[in-house]
Amino acid sequence: MRQNDTIIEVRDLRVSIRMDEGLLTPVRGVDFAIHAGETLGLVGESGCGKSLTSKAILRINDKKCVSTGQILFQNENGESMDLNQLSPRGREIREIRGKAISMIFQEPMVAFSPMYTIGNQINECTRLHITRDKKESKAITLDMMKRVGIANAEKRYD
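Residues numbered from 1 in each chain as written. Predicted model: local features only at pLDDT ≥ 70, side-chain atom pairs only at ≥ 80, totals over all residues. Heavy atoms only, no water.

Enquirer: I'd like to hear about the state of the cysteines, residue by residue, with values.
Expert: Throughout this description, disulfide means a covalent bond between two cysteine sulfur atoms. All told, the structure shown has zero disulfides when counted by the stated rule. In this structure cysteine 48 is a free cysteine whose sulfur lies 15 Å from that of cysteine 65, the closest cysteine sulfur available. The buried category is assigned to cysteine 65, whose relative accessible area is 16%. (Disulfide = S-S within 2.5 Å. Buried < 20%, exposed > 50% of the residue type's maximum accessible area, 1.4 Å probe, protein only.)

If you want it as structure tokens, here you go:
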């Protein structure tokens, strides 16, 4: 059980990009909190840093990007951690990505990789966070595909 209703709090987030010409800092001093039951939308013109901010939370920005500030995340056990201090490839952040925190990309043409089947891509999250059993994982994935209105889910899985 969470100690309070704040799930994530971002304090003075800055995202800089290392470039040949020097450091470019498109995200400067971002602060916000997301509480249980809330939805937060980031709105702004193209290039203002919405994606950099969102990706910084999940630690999935390009290697050229440097994030500073705090990204305080409180898990369901009430434990708080600064996501900005976690290794982008570490076990702790991988357990959070796709389970406790997810990102839905706006552009549908790049949301899925053309190199892998839809079933494989959805199933990856199921196998990482719910079950390692292949049959059970596929059944959960097919159920999710049907719930969001994908017709002929069994056929589209592959």
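Enquirer: Outline the environment of valine 10, supporting the account with residue identities and numerical values.
Expert: Within the secondary structure layout, valine 10 lies in strand 1 (residues 6-19). Considered as a pair, valine 10 and glycine 29 are 19 residues apart in the sequence and their alpha carbons are 9.4 Å apart. Beyond its immediate chain neighbours, meaning those up to four positions away, valine 10 contacts Val30, Asp31, Phe32, Ile57, Gln70 and Ile71. (Helix = DSSP H or I, 4+ residues; strand = E, 2+ residues; numbered from the N terminus. Contact = heavy atoms within 4.5 Å.)

Enquirer: Tell me what's going on with the pattern of salt bridges, and back it up with residues and numbers.
Expert: If you walk through the whole model with that rule in mind, you get five salt bridges. Where arginine 11 meets glutamate 9, a salt bridge forms, and the shortest distance between an N and an O atom there is 3.1 Å. Classification of arginine 11 by relative accessible area gives partly exposed; the value is 36%. (Salt bridge = Lys/Arg side-chain N within 4 Å of Asp/Glu carboxyl O.)

Enquirer: Residue-level account of unusual backbone geometry, with values.
Expert: In this structure, arginine 59 takes a positive phi of about 65° despite not being glycine. With respect to the secondary-structure elements, arginine 59 resides in the loop between helix 1 (50-58) and strand 3 (65-74). Even without a glycine there, the phi angle at asparagine 152 is positive, about 50°. One can find asparagine 152 in the loop between helix 4 (134-147) and helix 5 (153-157).

Enquirer: So, the packing of aromatic side chains: which residues are in play, and what are the values?
Expert: In total, this model carries zero aromatic pairs according to the counting rule given. Sitting over the face of the ring of tyrosine 157, lysine 138 holds its NZ or CZ atom 4.7 Å from the ring centroid. (Phe/Tyr/Trp six-rings, centres within 6.5 Å; stacked < 30°, edge-to-face > 60°. Lys NZ or Arg CZ within 6 Å of the ring centre and 35° of its normal.)

Enquirer: Break down the pairing of strand 2 (residues 22-35) for me, with residues and values.
Expert: Inspection of the sheet shows strand 1 paired to strand 2 by nine bridges, in the antiparallel sense. In the strand pairing of strand 2, arginine 18 is matched with leucine 23. The turn joining strand 1 and strand 2, which pair antiparallel and follow one another in sequence, is formed by two residues. (Pairing = 2+ DSSP bridges.)

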